[in-house]
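Structural overview for review
Each chain is listed here by its residues.
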Amino acid sequence: MSNIFYSEVDKNLQLELNARGRAGFFDRSTQALNYMLNKIANVELTAYEGNDSKSPLAKNYAVLGGGQMQSGRFMPNGPDGFLTERAYTQDSINFYTEQDVQANPANKNIIVGNAYTESKPLIDKSRRTGPYLTNINIDIGDHSMGLLNKATVDFVIPNPTRDLDGIEETWFRPGRYVKIEIVHPKSVIVSANQTDGLLTEKSLPNRNRIKELYPNWNTDEFLQDIAQINEFTFEGLITSFNFTYTSDATIEANISLTGTSNVYTDVSMYLSTPNKKEDNPKKDPKIVMDPVIGPTYQTTAVTSGASGTPGTSTTQSFAARAEFYDQLYNRFETLINDFCTSLAGDETAGPLIKDQFQILIPFTLPKSTVKNPTDHYILAGQQYLPKLQETDIPEIKDTFKLDPNSLLSEATQKAQFSASLEQKQLNRKSLIDNFNNASAYNRYISLGGLVHFINSYVVTKLTGTVAGAEIVCSDALCFSNYYPSLVSTTPDDVLFLPKDPETTGGMNFYGSQASILQGNETLHYYHKVNDIAKTYTEQTLTKAGWAQWTGVHDGTATSGRMYPTRIFLNLEMIEKTLNSLSQGNTKSFSMKTFMTMLSSKISYASGKAIDMKLVSYPDDPNKLIFTDTKYLKSIDKLGSVERVTPYSVPMFANHENGSIVREFNFSAKLPDNVKNLSYVLNKGDDVTEESIAPYMNFMYNAKDPNKINEVLDKYRSKHEQILVQLAQTKAKYGLAPGVPTIQQELYKAVSDYIKYPTDDIRKSQQITAPLFPFDVDITIDGINGLRYGDVLQFDALPLKYRINTVFSIIGITHAVSNYGEWTSKLKCIMRPSID
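Attention here is on the structure that accompanies the text. (Residues numbered from 1 in each chain as written. Predicted model: local features only at pLDDT ≥ 70, side-chain atom pairs only at ≥ 80, totals over all residues. Heavy atoms only, no water.)

**Examining the pattern of salt bridges**
The final tally for this structure, using the stated rule, is 22 salt bridges. The partner of arginine 662 in a salt bridge is aspartate 781, and the shortest N-O contact between them spans 2.7 Å. With a gap of 119 residues between them, arginine 662 in strand E28 (residues 661-668) and aspartate 781 in strand E29 (residues 774-781) connect regions that are remote in the sequence. On the basis of relative accessible area, aspartate 781 is assigned to the buried category, the value being 8%. Among the charged side chains, a salt-bridge network with shared partners connects Lys39, Arg662, Asp781 and Glu821. (Salt bridge = Lys/Arg side-chain N within 4 Å of Asp/Glu carboxyl O. Helix = DSSP H or I, 4+ residues; strand = E, 2+ residues; numbered from the N terminus. Buried < 20%, exposed > 50% of the residue type's maximum accessible area, 1.4 Å probe, protein only.)

Written out as structure tokens, the structure is:
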């Protein structure tokens, strides 16, 4: 599928926009005149009974607007005309009395106290029409930037006496599923002879995927409907309403809707359950930098697994764990134990002792629901950590300072200082001894497996609210940029494991080639996972459910792409995240909050190279996709990277296609962290370490080759300096993992590397593509088919904005006025061109 953050405007849509720009200026054909004269839009709102658009509500007021505006009560004359005094009935609820029973002795359905519908005949003498729409506003936004899909609808009820009850029953109902359709007549499509008024198949949801998700749908009819260039559809749930009486006794009403993919992220993930039995607690070491006594060694109680191996940490301050975590933990242990039991029949290898192997196996719920899950894995086993040396922990270098305000004597103060210093030194030695003697058994689950678990245990609770609700997160759809020197800054929590974990220099390696040659110990996370494949036969392993690990990235050592769904997350980190979210409230937190916390953990571990966000899934508005917003390349159906050509928006008379722009606004909004950017650029000082500064400097010197070369040289030098620093810091961390000060150094080194990933600024900007503090707002005639992520170019801007940058659509607002004028307003943000 095309990337949803950096995509090409549909080819047929480009033809139509260009044709509209030429209409009346270069083109005065009948088709062009029809476009200019016939572009009056109609809008129809339909209310539904259930949680999708399959069962329209069977009521008189279930439809507002649309074709009914040309008949019935909206015409002056005729049997239903608004100038006609028309008889109608008004229904209300009443209750049977004793008199009703006596009056109808033969009717057994009449029971005293039961309710029934009573119809009252009335005459409408108001000379007023039925309810009508006055304004529609629909916002489609890039969720990764905090923009949601929402809509507001304004309408008037001229005759409240007759219509208010029916409107209230239908439209003043939060949670009601509603479809909004905006339609231009087909005569406005200028390019109809070339496009047939349809978007290309490439821009539409995958046909086979739709058939798989909705086998009962008429897939051809569905795709035909959403492909119409002259029609736009929005589906959502009513979230609020209000109405006001005016001076002429009419009612002005308003309803607000939220897109269906935005409504189920607030579901609670927490269901309290009693604690599991905590037996056989052991100690798991953690190094903490105490502000008073320096580095200290702390332990937490650890629950044991089914066979007595160390488990994940728990904290006594929490009275109960989330049911979500309990089920995840139990499922994890069940899979590992079943796997070990299945291998017991291999007589050549003997029994499998769980805590003596590093086990990497698929994770599915159940296996039949996921076909070949290359990103559903669990990892468990004893980690092999290098011994912590005294030189790895900062020495205590306190000096005595007399406190003149103290009531204690100088001798007493010196004695207390000496005792404190001695205790700190003992703590330092104890830290090293305890760390070197500690167990390092851990459990990890891949992000793809965890999201599958969330869909199975959390999202399924919403089937009564949003039909087909699901978080889409698979390595077939979600990708990240590949950085050859990237390692996790917190591998104990978030681990990047390559296909061959034994390879020196991989994403799980913290050391240097020089250290290996010198015989020094280096940290190599889970490089023994393939030992189990060397111990047991392939037939035995396959029968037990084992499958070859595919790796967190593919390609060569210098190019390729990462799969965020294959990132491993420590169960202990997941538990701590759940506990921190449930603390201080009623132990209830939303799925969106939990996913945001996971995203922040992954972002920190990757030096901000990966930014996972929940956004609407383009192929299905009822689903969300958890994807990396930093990955911008578009992928074709065969998995190859496609070139994205920006669409040149017709504007001004000198454009070859005339103009389609009604309004245009270009503005710069410098954020606080780059307020000094102008000074940096104008003074020619060294480039700053802000991710945006090098690219801005490069862009603003676009016409001066000497200055461009100067920027290129500085950038190249900075890249080389950062690579050296990163290699040194990784090796330093490998000798002393877990020491807070060294971990912070590692994060700094990795995040700097992400800002300068190659020695060529032009290649780097194609990977990182930072957002520039410039944006564009344009308004055009209403049209369907534009998506957030589509890239545009504006030839009316200065040259440097056309050569080095593109503008990505981040928000689309469709508005229809009370006289049928449909406009589409596009909000765009500037970023470097990645092609």
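Back to the write-up after that little detour.
**Here we look at the sheet that holds strand E14 (residues 377-382)**
Adjacent strands of a sheet form backbone hydrogen bonds with each other and so pair up, either parallel or antiparallel. Strand order in this open sheet of five strands is E13-E14-E15-E22-E18, and the pairing throughout is antiparallel. Two strands lie at the open edges of the sheet, namely strand E13 (359-362) and strand E18 (494-495), each paired on one side alone. Along the sheet face, helix H10 (residues 447-457) touches strand E15 (441-446) and strand E22 (568-570) and points at about 70° away from the line of E15. Strands in contact with helix H14 (residues 571-582) are E15, E18 and E22; relative to E22, the strand with the most contacts, it is inclined by about 60°. (Pairing = 2+ DSSP bridges. Contact = heavy atoms within 4.5 Å. Axes fitted to C-alpha atoms, helices over the stretch in contact; angles between N-to-C directions.)

**Observations concerning a nonpolar patch on the surface**
Taken together, the side chains of Leu33, Met36 and Leu37 define a hydrophobic patch exposed on the protein surface, amounting to about 280 Å² of accessible area. Looking at where methionine 36 falls in the secondary structure, it is placed in helix H2 (residues 30-38). (Patch = residues over 30% accessible without salt bridge, like charges linked within 9 Å, V, L, I, M, F, W, Y side chains within 5 Å. Areas by Shrake-Rupley, 256 points an atom, 1.4 Å probe, with all protein chains shown as cover.)

**Let's talk about the nonpolar core**
Core analysis: the biggest nonpolar cluster contains 91 residues, and Ile454, Leu569, Ile574 and Met595 have the highest contact counts within it. Broken down by element, this core gets its largest block of residues, ten residues, from helix H8 (residues 323-343). Once residues within four sequence positions are removed from consideration, methionine 595 is found in contact with Val451, Ile454, Ile471, Leu614 and Phe626. Core analysis: the next-biggest nonpolar cluster, separate from the first, contains 78 residues, Ala41, Val472, Tyr801 and Met830 among them. (Core = buried A, V, L, I, M, F, W, Y, C linked by side-chain atoms within 4.5 Å.)

**Examining the environment of glutamate 49**
Note that glutamate 49 resides in the loop between strand E1 (42-48) and strand E2 (63-65). With a relative accessible area of 54%, glutamate 49 lands in the exposed category. Along the chain, glutamate 49 and threonine 170 lie 121 residues apart, while their C-alpha atoms are 9.8 Å from each other. When residues no more than four places from it in sequence are discounted, the contact partners of glutamate 49 are Ser55, Pro56 and Leu57.

**A few points about the packing of aromatic side chains**
Enumeration over the complete set of coordinates arrives at 26 aromatic pairs. Considering the side-chain rings of tryptophan 549 and phenylalanine 568, the 5.0 Å spacing of their centres and the 35° angle between planes classify their relative orientation as tilted. With a gap of 19 residues between them, tryptophan 549 in the loop between helix H13 (538-543) and strand E21 (561-562) and phenylalanine 568 in strand E22 connect regions that are remote in the sequence. Each member of the pair, tryptophan 549 together with phenylalanine 568, is buried. Just above the ring of tyrosine 563 sits the side chain of arginine 566; from NZ or CZ to the centre is 3.9 Å. (Phe/Tyr/Trp six-rings, centres within 6.5 Å; stacked < 30°, edge-to-face > 60°. Lys NZ or Arg CZ within 6 Å of the ring centre and 35° of its normal.)

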